[in-house]
Amino acid sequence: MTGSRRARVRDLTSEDLGWVADQEKAIFGMSAWSPELIATDFASGFRRYRGLELDGALAGYAVYGFDGDAFHLMNVALASGARGEGHSHILMEDFLAEARRLGVAEVWLEVAVTNDAALALYRSHGFEDVRVRRRYYQPEGIDALVMRLRVTAASPTDRA
Ligand SMILES: CC(C)(COP(=O)(O)OP(=O)(O)OC[C@H]1O[C@@H](n2cnc3c(N)ncnc32)[C@H](O)[C@@H]1OP(=O)(O)O)[C@@H](O)C(=O)NCCC(=O)NCCS
């Protein structure tokens, strides 16, 4: 169930990257993507950086794209004040609509085995457990669960 705030997903621009880097630090601490990594990744043109606005202000973001042949959700995150209202589903739907538009057969992601909210989110969208990567997240040494979703036909509500 999403809250009453007006939600919109848009492409992020280079001007938004400082906000993304601040969120990364606040949310992921020592595992955060650095501002330099974000800027390089964004400029590579191989990723889609999408932002969720609530009432006109950025409140979340998702990063996705191809990693080799695999269409991959690299990251999805909401600012702490935007959680618990179901807004994460909007970013997931945006990602999955893009996967369907591109006609990919599968989408992939990694998630910390300790991340209950993200695990619940991904499972609610049909992602299945594939394997565990031991000590994938450093420096904490937390295991990652690799998850996959087999993509089905386009929904009529997908973006053009
Ligand atoms: C992961 C994240 C985007 C989810 O957003 P959220 O606002 O917290 O979660 P939502 O309110 O949208 O709920 C999503 C689902 O997770 C469930 N959920 C939320 N928090 C949960 C928790 N602590 N334990 C178990 N389930 C939880 C909700 O019930 C909901 O399920 P449903 O709608 O299918 O019934 C958000 O928690 C976040 O930004 N976390 C920090 C960044 C992060 O870890 N990103 C993932 C990187 S892999």
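Further up the page is the structure itself.
Residues numbered from 1 in each chain as written. Predicted model: local features only at pLDDT ≥ 70, side-chain atom pairs only at ≥ 80, totals over all residues. Heavy atoms only, no water.

A.B. asks: Break down the overall build of the protein for me, citing the residues and quoting the values.
C.D. replies: Of regular secondary structure, the protein possesses four helices and seven strands. The helix and strand sequence of the protein, counted from the amino end, reads β-α-α-β-β-β-α-β-α-β-β. Here the protein has a C-alpha radius of gyration of 15 Å; the compact-globule value for 160 residues is 15 Å, and the two agree. Counting all 160 residues of the protein, 42% fall into the buried class. Pairs at least 24 residues apart make up 60% of the contacts formed inside the protein by residues separated by at least 6 positions. Side-chain charges in the protein split into 19 positive and 23 negative, and the spacing between the mean points of these groups amounts to 2 Å. (Helix = DSSP H or I, 4+ residues; strand = E, 2+ residues; numbered from the N terminus. Rg over C-alpha atoms; globule rule 2.2 N^0.38 Å. Buried < 20%, exposed > 50% of the residue type's maximum accessible area, 1.4 Å probe, protein only. Contact = heavy atoms within 4.5 Å. Lys, Arg positive; Asp, Glu negative; His and termini not counted. Charge placed at Lys NZ, Arg CZ, Asp CG, Glu CD.)

A.B. asks: Lay out the pattern of salt bridges with the relevant residues and their values.
C.D. replies: For the coordinates displayed, the defined rule picks out 17 salt bridges. Across the pair aspartate 16 and arginine 10 runs a salt bridge whose closest N-O atoms are separated by 2.9 Å. According to the relative accessible area criterion, arginine 10 is buried, its value standing at 18%. In this structure, glutamate 53 and arginine 10 form a salt bridge, with 2.6 Å as the shortest nitrogen-oxygen distance. Placement of the pair is glutamate 53 in strand 2 (residues 47–54) and arginine 10 in strand 1 (residues 7–11), with a sequence separation of 43 residues. Residue glutamate 53 shares its accessibility class with arginine 10, and that shared class is buried. One connected set of salt bridges, linked through shared partners, spans Asp11, Arg48, Arg50, Asp94, Glu98 and Arg101. (Salt bridge = Lys/Arg side-chain N within 4 Å of Asp/Glu carboxyl O.)

A.B. asks: Describe the nonpolar core, and please don't skip the residues or the numbers.
C.D. replies: Of all hydrophobic cores here, the largest spans 28 residues; its most connected members are Leu73, Phe95, Val107, Val111, Tyr122, Phe127 and Met147. Put simply, the parts of the chain that give this core at least two residues each are strand 2, strand 3 (57–67), strand 4 (70–78), helix 3 (88–102), strand 5 (106–112), helix 4 (116–124) and strand 7 (142–150). Examining the composition of this core, we find that five residues originate from one element, helix 3, more than from any other. Aside from chain neighbours lying at most four places away, what touches phenylalanine 127 is Met92, Phe95, Val107, Leu109, Tyr122, Met147, Arg148 and Leu149. In terms of nonpolar packing, the next biggest core, distinct from the first, is built from ten residues, Leu17, Ile38, Leu58 and Val63 among them. (Core = buried A, V, L, I, M, F, W, Y, C linked by side-chain atoms within 4.5 Å.)

A.B. asks: Lay out the packing of helix 3 against helix 4 with the relevant residues and their values.
C.D. replies: Contact pair helix 3 / helix 4: the axes reach a minimum separation of 11 Å and the direction vectors enclose 50°. Judged by the angle between their axes, helix 3 and helix 4 are oblique. In terms of crossing hand, the pair formed by helix 3 and helix 4 is right-handed. Across from Ser88, His89 and Met92 in helix 3, the residues of helix 4 making contact are Leu121, Tyr122 and Ser124. Counted by class, the contact of helix 3 with helix 4 contains three nonpolar, three polar and no charged residues. (Axes fitted to C-alpha atoms, helices over the stretch in contact; angles between N-to-C directions. Parallel < 35°, antiparallel > 145°, perpendicular 65-115°, else oblique. Left-handed = near helix turned anticlockwise from the far one by under 90°. Nonpolar A, V, L, I, M, F, W, Y, C, P; charged D, E, K, R; others polar.)

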